[in-house]
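# Secondary and tertiary structure notes
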Amino acid sequence: MTLNPRTVALALALSTSLTIACGDGRASQEGELGELTFTFPVADGQEDFNRPIALGARLRLRVEGKDREAVDRIASATVTPETVLSAQRSQTRADELVLTAREQGEATMEVEAVLTGESSPRTDRVSFRVRPISASSLEHNCTRSPAAAYLTNQPITLGFARFDADGRRMIGEGACEVTVSPDAGLERTRCDEDALDVPPIADPGPYIVSSSRRAANGSVNRLDVNVVSPEILDFAPIDGSLREGRSDELELLPQTPNWDVCTPLEFEVFILTPDTCVADDTSSELFTVFRDENNRVDLRGRRAGTCRFEVRLPALGVQDTWEFSVPVTRTD
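Residues numbered from 1 in each chain as written. Predicted model: local features only at pLDDT ≥ 70, side-chain atom pairs only at ≥ 80, totals over all residues. Heavy atoms only, no water.

## Details of the sheet that holds strand 18 (residues 214-215)
We count it as follows: Between any two strands, at least two bridges found by DSSP are needed for them to pair. The helix count covers DSSP runs of H or I at least four residues long, the strand count covers runs of E at least two residues long, and both are numbered beginning at the N terminus.
Taken in spatial order, the 5 strands make up an open sheet running 15-16-13-11-18, and their pairing is mixed. Strand pairing shows two members of the sheet lacking a second neighbour, strand 15 (190-191) and strand 18, which therefore form its edges. Judged from the 5 bridges that link them, strand 11 (residues 135-139) and strand 13 (residues 156-163) form a sheet pairing that is antiparallel. Counted as the bridge partner of alanine 135 is phenylalanine 163 from strand 13.

Structure, rendered in structure tokens:
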């Protein structure tokens, strides 16, 4: 299986003197009057505030003081023209607005916000662009092949990106413009600038995920998603090794006879040779690897030899076990 980084060659970066890289998964920009700072989350790691919002998408915009002071409440937010972009107060955060891209064009928003410990609001402005989606790309996150497998009743995440007519990668949640066929009642499919999340599918079978927009250069806008039962799951041999006295990461590669399986698994690991290797963090012989670890196991070599361990899938109701062997090499 070949890992496919979630990057797209067409993505272009536009930097300005006002754009600030947060380094924490958010794009940030100082307002035009220098009184407030505006930030929003970026799932794809590209901290460029000035990218266009996809028409129909939403953006969660947080307001802070110019030196990142906390905002107690947002007194007002006015957008001109309001036909291009709407702004509503977030229901979950007092310092956040939810923007909705309604029409192609340029819009300026003026915000009055009261900082914590202050009584008078500070006023500032920030501008946005709304553009229609011109092209998109879809990809499996565990293989470059256009076909992959996913387990029944498990969430499906695909790499996803949208581009405007100038080839700029777009931001915002929603406005996916993709279909899943056969339908399977997947009205809760969601997306952002990095991923398309498809709800779990109960019925095994072939499905097609496709975008209504043309494929971005060097990419595809249609994927074969083969939903399979956990009973046919298998694993490729592990290609890796451990080092004596060191911690190393091993990746499990689930597969079927026909496709790589891109579903992150929750599984148990039972160490068969505890004198040779153990779990990295607990030195335990039996431990659980959760879905957010993306099928990766951290082990520590105790001494040179062969590390043997079993993998079990009780969370999926599978009774089979798989045994793996990796060498532990001596370090100087």
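## Section: the state of the cysteines
We count it as follows: Cysteine sulfur atoms are paired as a disulfide whenever they come within 2.5 Å of each other.
All chains considered together, the criterion is met by 3 disulfides. Between the sulfur atoms of cysteine 176 and its disulfide mate cysteine 191 the distance is 2.2 Å. Taking the sign of the torsion about the S-S bond as the criterion, the disulfide between cysteine 176 and cysteine 191, at about -110°, is left-handed. Of this pair, cysteine 176 sits in the loop between strand 13 and strand 14 (178-181) while cysteine 191 sits in strand 15, and the two are 15 residues apart along the sequence. Disulfide partner of cysteine 277: cysteine 307, at an S-S distance of 2.0 Å.

## Describing the pairing of strand 29 (residues 321-329)
Just so we agree on the cut-off: Burial status follows relative accessibility: with a 1.4 Å probe on protein chains alone, a residue under 20% of its type maximum counts as buried, one over 50% as exposed, and anything between as partly exposed.
Only one face of strand 29 is buried: it carries Trp322, Phe324, Val326 and Val328, and the other face, with Thr321, Glu323, Ser325, Pro327 and Thr329, is open. With 2 bridges connecting them, strand 21 (residues 242-243) and strand 29 associate as parallel partners. Across the sheet, leucine 242 pairs through a bridge with valine 328, a residue of strand 29. Relative to strand 29, strand 28 (residues 305-312) is paired through 8 bridges, and the arrangement is antiparallel. Within the sheet, the bridge partner assigned to arginine 312 lies in strand 29 and is threonine 321.

## Examining the nonpolar core
What counts, and what does not: As used in this record, nonpolar core signifies buried Ala, Val, Leu, Ile, Met, Phe, Trp, Tyr and Cys residues forming a set joined through side-chain atoms within 4.5 Å. Contacts are assigned to residue pairs that have any heavy atoms within 4.5 Å of one another.
With 32 residues, the main nonpolar core has Leu85, Met109, Val111 and Phe128 as its most contacted residues. Counting residues per element, the ones that place at least two in this core are strand 3 (36-41), strand 4 (53-54), strand 5 (58-65), strand 6 (71-80), strand 8 (96-101), strand 9 (105-115) and strand 10 (122-131). The element contributing the most residues to this core is strand 9, with 5 residues. What leucine 85 contacts, discounting residues up to four positions off in sequence, is Ile53, Val79, Leu99, Thr100, Ala101, Arg102, Ala107, Phe128 and Val130.

## Notes on a negative patch on the surface
We count it as follows: Patch definition: residues with relative accessible area over 30% and no salt bridge; like charges joined within 9 Å; nonpolar side chains (Val, Leu, Ile, Met, Phe, Trp, Tyr) joined within 5 Å. All accessible-area figures derive from a Shrake-Rupley calculation using a 1.4 Å probe, and residue coverage is judged against the displayed protein chains alone. Salt bridges are identified by distance alone: a Lys or Arg side-chain nitrogen within 4 Å of an Asp or Glu carboxyl oxygen. Counted as positive: Lys and Arg. Counted as negative: Asp and Glu. His and the chain ends are not counted at all. Here the site of a charge means NZ on Lys, CZ on Arg, CG on Asp, or CD on Glu.
A cluster of acidic residues, Asp281, Asp292, Glu293 and Asp298, forms a negative patch on the protein surface. Relative to the elements of secondary structure, glutamate 293 occurs in the loop between strand 26 (286-289) and strand 27 (296-301).

## Re the side chain of threonine 39
Quick note on the threshold: Polar contacts, as counted here, are pairs of nitrogen or oxygen atoms within 3.5 Å of one another; within protein the pair requires one atom able to donate a hydrogen and one able to accept it, and residues that are adjacent in sequence qualify only if both atoms are side-chain atoms.
Among the secondary structure elements, threonine 39 is positioned in strand 3. Side-chain polar atoms of threonine 39 contact the side chain of arginine 26, separated by 3.0 Å.

## Focus on the packing of aromatic side chains
How we decide: Only centres within 6.5 Å qualify two rings of Phe, Tyr or Trp (six-membered ring in Trp) as a pair; their planes then separate them into stacked at under 30 degrees, edge-to-face at over 60, and tilted for everything else.
Taken as a whole and judged by the stated rule, the model has 5 aromatic pairs. Ring geometry for phenylalanine 40 against phenylalanine 49: centres 4.9 Å apart, planes inclined by 45°, an arrangement best described as tilted. When its relative accessible area of 1% is taken as the criterion, phenylalanine 49 is described as buried. A centroid spacing of 6.0 Å and a plane angle of 80° characterise the contact between phenylalanine 235 and phenylalanine 324, whose relative ring orientation is edge-to-face.

## A look at the sheet that holds strand 28
Spatial strand order, 21-29-28-24-26: 5 strands in an open sheet with mixed pairing. Both edges of this open sheet fall to strand 21 and strand 26, since each of them pairs with a single strand only. Pairing between strand 24 (residues 267-271) and strand 26: 4 bridges, direction antiparallel. In the sheet register, phenylalanine 270 faces strand 26, and the bridge partner there is leucine 286.

## Points about the environment of proline 257
When you line up the elements, proline 257 lands in the loop between strand 23 (254-255) and strand 24. By relative accessible area, proline 257 is classed as exposed at 75%.

## Brief notes about the pattern of salt bridges
Opposite charge on two side chains allows them to pair when their charged atoms are near. Using the criterion set out here, one finds 20 salt bridges in the structure. The partner of arginine 169 in a salt bridge is aspartate 194, and the shortest N-O contact between them spans 3.5 Å. Placement of arginine 169 in the loop between strand 13 and strand 14 and of aspartate 194 in the loop between strand 15 and strand 16 (195-198) is noted, with a sequence separation of 25 residues between them. Arginine 190 serves as the salt-bridge partner of aspartate 197, at 2.7 Å between the closest nitrogen and oxygen. Its relative accessible area of 23% is what places aspartate 197 among the partly exposed residues.

## Some points on the side chain of aspartate 44
With respect to the helices and strands, aspartate 44 occurs in the loop between strand 3 and strand 4. With relative accessibility at 16%, the residue aspartate 44 sits in the buried group. A polar atom in the side chain of aspartate 44 sits 3.1 Å from the backbone nitrogen of glutamine 46. At 3.4 Å, the side chain of aspartate 44 forms a polar contact with the side chain of arginine 169. With residues near it in sequence (within four places) discarded, aspartate 44 still touches Arg51, Arg169, Glu193 and Asp194.

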